[in-house]
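Spelled out from the first residue to the last, the chains are:
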Amino acid sequence: MFTPSRRDLLAGVAAAPLFGFSNARGGEKKPAIRAAHITDVHITNDRNSPKGVDAMFAHMLGRKDWTPEIILDTGDTVMSVDGNTTGARAAEQITLWKAAVKGCPVPIHACLGNHDVWDGKEPTDAIPAEKKGFGLMTEVLGMPAPYYSFDKSGWHFIALNSMCGWPKYGALTPEHFDWLKADLDKTPKTTPILVMSHLPILSVTSLVYGDSCRKNNDNLVPGVWQHADVWAITEVFRKHPNVKLCLSGHMHTCDRVEYRGVWYVCGGAVSGAWWNGSEYGFPPCYGAIDLFADGTFTYEFMDYGWPMRKWSGKELRG
């Protein structure tokens, strides 16, 4: 549970921005809304994870210079309820997450990650078989549906489901794609839009995630690392220039890409390398965002000071 006193969990490591960027104009002084971006929390009952999540919330919600009004969670909130995870094991992780957010003073709006889709192994009374698939974590995370949208402080927010074709994932189903187009069409052109997805819609992270994508002289991006339908989605966005910012996670590394006036941000991971260190040198972090009425914004990747810093990932030797 969030308690500001738990900032001592940072163990002396200075918490500070990793880096940030802005497209805000000088005339915009006060943001329309401040939002925190969390992703890939992967809460679990080992690796000191619950204390790490407490430290993240304590840093985010205990800052004197910046306080979020909403939290945007781009998935993989629990360590894993997919694959061979039993109902009992899923319940353990869910209990940890509920305890972590109990008393959180601001609303959390989430989308589903690949580890948030329960495969239904060994259901229990608390985790029944009918919650298999998207049902379990959609309910736990307080989502109205596996994909949805909402409005707040002059911005329109869209939460996509990168998992909608489960067990295949990484592209929108025709039904989901039609919903996205309809949602964009009915949003006033003067309303700036922020889109959330677990998989990046567009990112460079997959090209620098080791060298496993290289096939002879080509780089082949896996469809489960970045949206395979990136061209189609960006074509829809081209027709809706009020789409300003897209947030994602999944890759546990940080980047920002601007294409046709839309910024795509992969927000690293609250868990870093699954609570074992820094993923390719990116430590556990979250994003601090100021959204302005004119559709501009600022984004800072915040290192919240969790002391696990061991490098995880491939390195070029020799």
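Criteria and thresholds
- Residues numbered from 1 in each chain as written.
- Predicted model: local features only at pLDDT ≥ 70, side-chain atom pairs only at ≥ 80, totals over all residues.
- Heavy atoms only, no water.
- Core = buried A, V, L, I, M, F, W, Y, C linked by side-chain atoms within 4.5 Å.
- Buried < 20%, exposed > 50% of the residue type's maximum accessible area, 1.4 Å probe, protein only.
- Helix = DSSP H or I, 4+ residues; strand = E, 2+ residues; numbered from the N terminus.
- Contact = heavy atoms within 4.5 Å.
- Pairing = 2+ DSSP bridges.
- Axes fitted to C-alpha atoms, helices over the stretch in contact; angles between N-to-C directions.
- Salt bridge = Lys/Arg side-chain N within 4 Å of Asp/Glu carboxyl O.
- Phe/Tyr/Trp six-rings, centres within 6.5 Å; stacked < 30°, edge-to-face > 60°.
- Parallel < 35°, antiparallel > 145°, perpendicular 65-115°, else oblique.
- Left-handed = near helix turned anticlockwise from the far one by under 90°.
- Nonpolar A, V, L, I, M, F, W, Y, C, P; charged D, E, K, R; others polar.
- Expected span 1.5 Å × (residues − 1).
- pLDDT = per-residue confidence, 0-100.

### A word on the nonpolar core
Item 1. Counting 65 residues, the largest nonpolar core has Met 60 and Trp 97 as its most contacted members.
Item 2. A per-element tally of this core places helix 1 (residues 49–62) first, with six residues.
Item 3. Setting aside its immediate chain neighbours within four residues, Trp 97 contacts Ile 38, Val 41, Ile 43, Val 53, Phe 57, Asp 73, Thr 77, Ile 108, Val 140 and Leu 141.
Item 4. Counting residues in each nonpolar core, the second largest holds 19 residues, with Ile 201, Ile 233, Val 243 and Cys 246 among its members.

### Let's talk about the sheet that holds strand 3 (residues 70–73)
Item 1. Spatial strand order, 1-15-14-2-3-4: six strands in an open sheet with mixed pairing. Pairing within the sheet leaves two strands with one partner each, and these edge strands are strand 1 (16–22) and strand 4 (108–110). Pairwise comparison of adjacent strand axes, ignoring direction, gives a mean angle of 20° for this sheet.
Item 2. Where strand 2 (residues 33–38) meets strand 3, four bridges bridge the pair, whose relative direction is parallel. Bridged to Ile 38 within strand 3 is Asp 73.

### Examining unusual backbone geometry
Item 1. At the junction of Trp 166 and Pro 167, the peptide bond is cis and its omega measures out at 10° in the coordinates.
Item 2. Relative to the helices and strands, Pro 167 is located in the loop between strand 6 (155–159) and helix 4 (174–186).
Item 3. Located in the positive-phi region is Asn 216, a residue other than glycine, with phi close to 60°.
Item 4. Locating Asn 216 in the fold gives a position in the loop between strand 8 (214–215) and strand 9 (218–219).
Item 5. On the accessibility criterion, Asn 216 (73% relative accessible area) is exposed.
Item 6. The phi dihedral of Tyr 280 falls on the positive side, at around 50°, and the residue is not glycine.

### A few points about the pattern of salt bridges
Item 1. Applying the stated criterion to the full structure yields ten salt bridges.
Item 2. Two residues, Glu 92 and Arg 89, come together in a salt bridge whose shortest N-O distance is 2.9 Å. Of this pair, Glu 92 and Arg 89 both sit in helix 2 (residues 87–101), three residues apart, which is roughly one turn of that helix.
Item 3. Assessed through its relative accessible area of 38%, Glu 92 is described here as partly exposed.
Item 4. According to the relative accessible area criterion, Arg 89 is partly exposed, its value standing at 24%.
Item 5. Among the ionic pairs, Arg 260 bridges to Glu 235, the shortest N-O distance being 2.8 Å. Taken as a pair, Arg 260 in the loop between strand 11 (254–259) and strand 12 (262–267) and Glu 235 in helix 5 (residues 230–238) lie far apart in primary sequence, 25 residues in all.

### A short note on the packing of aromatic side chains
Item 1. Taken as a whole, this structure holds ten aromatic pairs when the rule is applied.
Item 2. Between Tyr 280 and Trp 311, the ring centres sit 6.2 Å apart and the planes meet at 70°, which makes this aromatic pair edge-to-face. In this pair, Tyr 280 is assigned in the loop between strand 13 (278–279) and strand 14 (285–291) and Trp 311 in strand 16 (residues 311–312), connecting sequence segments 31 residues apart.
Item 3. With a relative accessible area of 14%, Tyr 280 lands in the buried category.
Item 4. Among the residues examined, Trp 311 registers a relative accessible area of 39% and is labelled partly exposed.
Item 5. Through pairs of rings, three or more aromatic residues link up here, namely Tyr 209, Trp 225, Tyr 280 and Trp 311.

### Some thoughts on the packing of helix 1 against helix 2
Item 1. Interhelical geometry of helix 1 versus helix 2 gives an angle of 25° and a closest axis separation of 10 Å. If you check the angle between helix 1 and helix 2, you find them roughly parallel. As for the relative orientation of helix 1 and helix 2, their crossing is right-handed in sense. Contacts between helix 1 and helix 2 involve Pro 50, Val 53, Asp 54 and Phe 57 on the former and, on the latter, Leu 96, Trp 97, Ala 100 and Val 101.
Item 2. Of the residues in the contact of helix 1 with helix 2, the class split is seven nonpolar, no polar and one charged.

### Things to note about helix 1
Item 1. Under the 1.5 Å per step criterion, the end-to-end length of helix 1 is 19 Å for 14 residues, consistent within 8% with the ideal 20 Å.
Item 2. In terms of burial, helix 1 is largely enclosed, as eleven of its 14 residues are buried.
Item 3. Among all positions in helix 1, only Ser 49, Gly 52, Val 53, Asp 54, Ala 55, Met 56, Phe 57, Ala 58, His 59, Met 60 and Leu 61 are buried.
Item 4. Elements that come into contact with the buried residues of helix 1 comprise strand 2, strand 3, helix 2, strand 4, strand 14 and strand 15 (297–303).

### Points about the confidence of the model for the protein
Atomic detail in the predicted coordinates should be set aside for any region of low pLDDT.
Item 1. Chain-level pLDDT for the protein is 93 on average; 94% of the residues reach the 70-or-more range.
Item 2. At the level of individual helices and strands, the protein shows its lowest average pLDDT in strand 1, which scores 77, and its highest in strand 6, which scores 99.
Item 3. Within the model, the stretch residues 2–13 combines pLDDT values under 50 with 28 contacts to residues more than four positions away or in other chains.

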